[in-house]
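Per-entry structural report
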Amino acid sequence: MLSLVLQGIRTRWVTFAGSFVALALGVGIVATTGMALAATFDAPHRGPERFAAAPVLVRGEDRLRVDTQIGVRTQKLTDPRPVPAELAAALARLGRTAQDRTFPVSAGNTVLDGGGHSNAANGGGGHRGGGERPEIVGHPWPVAAATPYRLTSGRAPAAAGEVVVTAGDDPGVRTGDRITVTTPAGSGSRTVVGTVRPAGFESAVFFTAAEAARISPGIDAVVVHADPAAVRAAVGEDSGLAVLTGDDRRRADPDPDRDAEALVSVNALLGTAAGITAFVSVSVVASTFSYGVAQRRREFGLLRTAGATPGQVRRLVYAEAVLVGVLASAAGCRLGLLGAPRLASWMAGEGIAPRWFAIGDQSWPLHTAFWTGLAVALAGAVTAAHRAGRTGPVEALRESAVDSGSMPLSRVLLGAAVLLTGAVVVALALVQDPGGVLRRKTYLTQPMLLIVGLALFAPVLVRPVTRFLTWLPARLPGATGVLARENASAGLRRTAAVAAPVLVTVALAASLMGTTATIDAARAAEARAQVTADFVVPADGEHASLSPRFVERARHIPGAAVSASRSTSVTVLEEGTALVRSEARAVDPADAAAVSALPVVAGRFADLDDGGIVVNEEWLTTTVGERVGVWLGDGRKVTLRVVAVLSTGTGNNGVYLTPHNAAGAGIDRIDVGVRGGADRSAVAEALYAAGRATGTGVLTTAQWVRAGHPPTGGSTRLGLLMILAIALVYTGIALANTQVMATADRVRDLAVLRLAGATKAQVLRVVGVEALAVVAVGAVLGAAVAALNLLGVRTALGLLGVGSGVVVPWAVIGLVVVVSAALAVVFAVLPARLALRTRPVELAGTRA
């Protein structure tokens with residue numbers, strides 16, 4: 001048996017080489033993404049950074065802890081309580097203290113980055129994870145002694161007009177420079193009297209203690225040089241404040257969970273990439289390997305004629321599959337070992353992953369990839385081997401010439417089951433939860449099921465689609481169109497094997513990019529419909545607040561309807577076991593009604609008061625009048641009455657509270673409308689003047705929608721393009737493999753055309769047109785999958801009441817089709833040209 005296997009591989013090395021390369025690449029992709037995914041499971045441990053030199057730190061508790069039926073559950077608070085001034089005074093009696101206040105800072109058109117260089121951007125908050133630079137924050141200088149900041153030049157600030165800034169070895173701002181500094185209290189000119197080296201986790205601007213207290217009256221934290229037990233006794237257990245020592249001081253760092261949070265997004269991206277590339281690999285490899293086995297039906301017929309039993313034929317095919325599978329999987333694992341570090345380095349360099357992201361020493365992804373590759377090789381051989389083994393000798397010889405296009409009942413049932421499953425998944429989501437169709441899990445799963453379903457029905461779909469697409473070329477003068485049409489229709493297995501990778505890539509490109517673009521457009525349309533204000537003024541930065549001076553000036557503009565709102569959160573306990581946090585916005589209902597049109601489906605938004613809450617249809621309870629216990633953003637537990645329910649929409653319709661229930665949250669957005677009869681230009685001029693005076697950016701509603709709801713970009717778009725690039729590369733290699741295998745098997749057909757009088761150019765033209773026709777078949781089937789997927793998304797948006805059309809990524813689809821067509825033509829024509837160098841009489845005598 002082994003000698004027969006080796007002889008078969010040596011005789012038909014082109015077929016096995018194509019299967020080997022396709023399988024090795026598939027295993028390599030799975031191994032690469034798997035090893036990168038495994039590296040996201042653990043974030044590096046970091047000690048305290050911001051307050052590393054503080055012996056004891058008192059700050060607002062930043063985590064909610066709730067006893068549940070299955071133990072204590074925690075949830076991050078968005079608005080930790082400030083330290084009361086009375087308590088700060090009491091702590092000062094225990095020992096030396098330093099009060100910390102943190103607030104956003106920008107310097108006119110120039111902002112200091114973490115490396116000390118100037119950049120046109122505004123800051124406020126802390127490190128934002130991934131590859132983004134930290135935002136700019138202000139602190140009082142006395143707290144610097146408890147931090148890593150040390151003077152590298154100049155002196156400490158001593159007057160209200162002096163600051164110390166972050167600067168590197170080649171600073172963009174130097175001691176003695178005059179800069180315009182914008183803070184929540186307004187803008188003003190200040191002198192740089194000193195510089196400190198960047199700390200990495202934030203960029204800081206230091207003020208005097210008195211000026212920092214004027215800018216930000218609330219005390220965020222207090223550094224205490226005293227016995228921790230005495231400090232805990234002074235703070236008390238039920239104060240809502242935390243006493244941090246040792247490693248717990250890390251909780252006071254800017255975004256202490258940034259490493260883990262950065263890995264969550266990388267994990268999601270790589271998980272998606274691994275799933276999709278594994279799916280692409282399995283689909284294309286199975287198709288390629290199955291086609292390679294199907295090419296040898298004549299051999300199987302001869303073996304059966306020579307007396308081989310069906311079991312012997314099957315064992316022969318399985319032995320070849322195991323041999324090729326083992327070698328290819330081993331080669332693929334080696335590719336994974338080489339590719340994974342490069343993938344991690346590229347992701348870190350592009351800002352998709354943190355800069356410290358690197359591949360670890362996990363070996364399970366290699367085991368998974370190896371056994372997956374071997375299983376795929378065997379799966380690709382099962383159907384053909386079973387069919388060859390059960391077919392009689394004469395029938396096998398006859399079948400080797402023409403593909404019948406028929407399907408066994410088992411394949412029909414399996415294909416129908418897969419398509420039905422996909423339809424049921426979407427139908428149930430549309431009926432029970434239309435918003436679920438917009439979730440990544442659904443719009444990634446649906447096209448995969450449809451791809452598998454159409455691939456299973458390929459023997460009956462390829463021929464009619466081919467004949468339809470080649471109807472016009474077949475009627476043009478000359479025989480090229482007719483021959484291409486008949487060759488593609490007759491060689492269904494060859495056509496399906498070439499069309500499969502194109503189908504997969506076009507379907508994924510159109511579905512992924514089209515769905516994300518459609519959802520982005522829907523969210524923008526929803527925002528435009530709900531915000532009726534003429535102007536929107538958002539704060540710069542995720543945790544920033546608007547200048548109180550700007551808010552006050554905006555409120556007193558004649559003819560302006562102003563709604564000031566705050567971002568906060570509420571947390572509920574679901575089913576007694578899970579804490580679920582919802583983003584919330586605190587507004588005055590009367591002011592909000594003048595500049596917005598919220599999609600209320602039950603109750604009245606105007607009934608919102610300090611004892612009420614507005615929820616959406618996905619919330620814990622949607623019964624108007626029902627009372628529900630919630631924890632607010634600062635950790636307080638209150639019982640509120642549901643006064644109104646909003647439609648779900650695209651998922652951005654959150655919870656609404658009054659400002660009374662958003663203690664600790666600053667105003668981070670103002671919506672300004674022009675009242676009836678008022679002069680719009682006068683309102684706009686007054687609003688822009690207030691913005692210039694306080695360093696606040698004012699946007700029209702259209703500008704705000706574009707800025708707040710841009711098309712998917714940044715690392716998300718780059719990640720999607722990475723996935724599609726992997727699929728496209730794999731498609732190209734699969735096309736090359738299959739076309740070379742197919743051409744090697746058609747040398748006699750090419751010789752017959754030459755003997756019939758066709759020139760070499762005419763034969764190559766037929767081969768090229770046939771390749772284009774087959775790529776078109778794959779593109780049409782892939783477009784059908786994408787159309788069904790996008791139809792489900794559009795239907796869901798309609799049920800959610802969001803009026804937005806489908807966005808088709810024509811550029812991406814066109815690129816995929818053009819690249820696929822070029823590769824298919826090149827790798828069909830090139831081997832055919834090489835084959836035609838031999839005399840037609842000699843080719844005609846070649847055994848297939």
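Everything quoted here is computed from the prediction, not taken from an experiment.

**Focus on the overall build of the chain**
Helices and strands together make up the secondary structure of the chain, namely 25 helices and 25 strands. Accessible surface for the chain amounts to roughly 35,700 Å². Of this, 59% is attributable to carbon and sulfur atoms.

**Structural notes on the pattern of salt bridges**
Across all of its chains, the model carries 17 salt bridges by this definition. For E162, the salt bridge goes to R155, with nearest N and O atoms at 2.7 Å. Of the residues examined, E162 reaches a relative accessible area of 14% and is grouped as buried. For D671, the salt bridge is made with R669, and the minimal N-O distance between the two is 2.9 Å. As far as burial versus exposure is concerned, D671 and R669 are alike and both buried. Several salt bridges converge on common partners, so that one network encompasses R59, E61, D62, R65 and R251.

**A word on helix α8 (residues 310-349)**
Counted at 1.5 Å a residue, the expected span for α8 with its 40 residues is 58 Å, and the 56 Å between its end C-alpha atoms agrees. Of all the bends found along α8, the most pronounced is centred on G339 and spans about 30°, while P341, a proline, follows it within four residues. Phi turns positive, to about 80°, at G351, one or two residues after α8.

**Considering the nonpolar core**
The biggest cluster of nonpolar side chains holds 61 residues, and the ones touching the most others in it are L270, M347, F357, I451 and L724. Those elements that place two or more of their residues in this core are α2 (13-38), α6 (258-294), α8, α12 (440-456), α16 (492-530), α21 (714-744), α23 (760-799) and α24 (810-835). In terms of residues, this core owes the most to one element, α16, which gives twelve residues. Apart from the residues lying within four places of it in its own chain, the contact partners of L270 are A36, L37, T40, L343, M347 and F357. Judged by nonpolar contacts, the second largest core, of 20 residues, contains F535, A554, V562 and I670.

**Notes on the environment of H543**
Residue placement: H543 occurs in the loop between β16 (535-538) and α17 (548-555). Judged by relative accessible area, H543 falls into the exposed class, the value being 58%. Each C-alpha atom, one on H543 and one on G666, is 8.9 Å from the other, the two residues being 123 residues apart in sequence.

**Comments concerning the side chain of E770**
Among the secondary structure elements, E770 is positioned in helix α23. Residue classification places E770 among the buried positions, given a relative accessible area of 3%. With residues up to four places along the chain from it excluded, the contact list for E770 reads A484, N487, A488, R494 and R746.

**Considerations on the packing of α16 against α24**
Two elements in contact, α16 and α24, have axes whose closest approach is 9 Å; the angle formed by their N-to-C orientations is 165°. The angle between α16 and α24 falls in the class roughly antiparallel. You can see that α16 and α24 cross each other, and the crossing is right-handed. For the pair formed by α16 and α24, the contact residues are V502, T505, V506, A509, A510 and M513 on the first element and V812, I813, V816, V817 and S820 on the second. Class assignment for the residues of the contact of α16 with α24 results in nine nonpolar, two polar and no charged.

**Some details on the sheet that holds strand β14 (residues 221-225)**
As summarised here, the arrangement of the four strands in space is β4-β14-β1-β15, forming an open sheet in which the pairing is antiparallel. Edge strands, defined here as strands with exactly one partner in the open sheet, are β4 (96-100) and β15 (241-244). Within the sheet, the average angular offset between the axes of one strand and its neighbour, ignoring direction, is 20°.

**A few points about the packing of aromatic side chains**
Scanning the model with the defined rule gives seven aromatic pairs in all. Geometrically, the ring pair formed by F103 and F207 is tilted, given 5.5 Å between the ring centres and 50° between the ring planes. Remark: F207 occurs in strand β13 (residues 203-207) and F103 occurs in strand β5 (residues 103-104); sequence separation between them is 104 residues. There is no split in this pair, since F103 and F207 are both buried. Members of the aromatic cluster, joined through ring pairs, are W141, Y149 and F206.

**Comments concerning the environment of T571**
Of note, T571 is situated in strand β17 (residues 560-574). Contacts of T571, omitting those with residues within four sequence positions, involve L64, Q75, L579, V580, R581, V630 and W631.

**A few points about the pairing of β14**
Judged by how many residues are buried, β14 sits mostly within the fold: four of five residues are covered. As defined by bridge partners, strand β1 (residues 56-60) adjoins β14 across four bridges and the pair is classed as antiparallel. Among the inter-strand pairings, R59 is bridged to a residue of β14, identified as A221. Across five bridges, the pairing between β4 and β14 is antiparallel. The residue of β14 that forms the bridge with D100 is A221.

**Describing the side chain of T658**
Tracing the backbone through its elements, the reader meets T658 in the loop between β23 (655-657) and β24 (667-674). Among the polar contacts listed, one links the side chain of T658 to the side chain of D610, at a separation of 2.8 Å. Residues within four places of T658 in sequence aside, it is in contact with A586, V587, L608, D609 and D610.

Definitions and limits used
Residues numbered from 1 in each chain as written. Predicted model: local features only at pLDDT ≥ 70, side-chain atom pairs only at ≥ 80, totals over all residues. Heavy atoms only, no water. Helix = DSSP H or I, 4+ residues; strand = E, 2+ residues; numbered from the N terminus. Areas by Shrake-Rupley, 256 points an atom, 1.4 Å probe, with all protein chains shown as cover. Salt bridge = Lys/Arg side-chain N within 4 Å of Asp/Glu carboxyl O. Buried < 20%, exposed > 50% of the residue type's maximum accessible area, 1.4 Å probe, protein only. Expected span 1.5 Å × (residues − 1). Bend = angle between axes of the 7 residues up to and from the residue. Core = buried A, V, L, I, M, F, W, Y, C linked by side-chain atoms within 4.5 Å. Contact = heavy atoms within 4.5 Å. Axes fitted to C-alpha atoms, helices over the stretch in contact; angles between N-to-C directions. Parallel < 35°, antiparallel > 145°, perpendicular 65-115°, else oblique. Left-handed = near helix turned anticlockwise from the far one by under 90°. Nonpolar A, V, L, I, M, F, W, Y, C, P; charged D, E, K, R; others polar. Pairing = 2+ DSSP bridges. Phe/Tyr/Trp six-rings, centres within 6.5 Å; stacked < 30°, edge-to-face > 60°. Polar contact = N/O pair within 3.5 Å; in protein donor to acceptor, adjacent residues only side chain to side chain.

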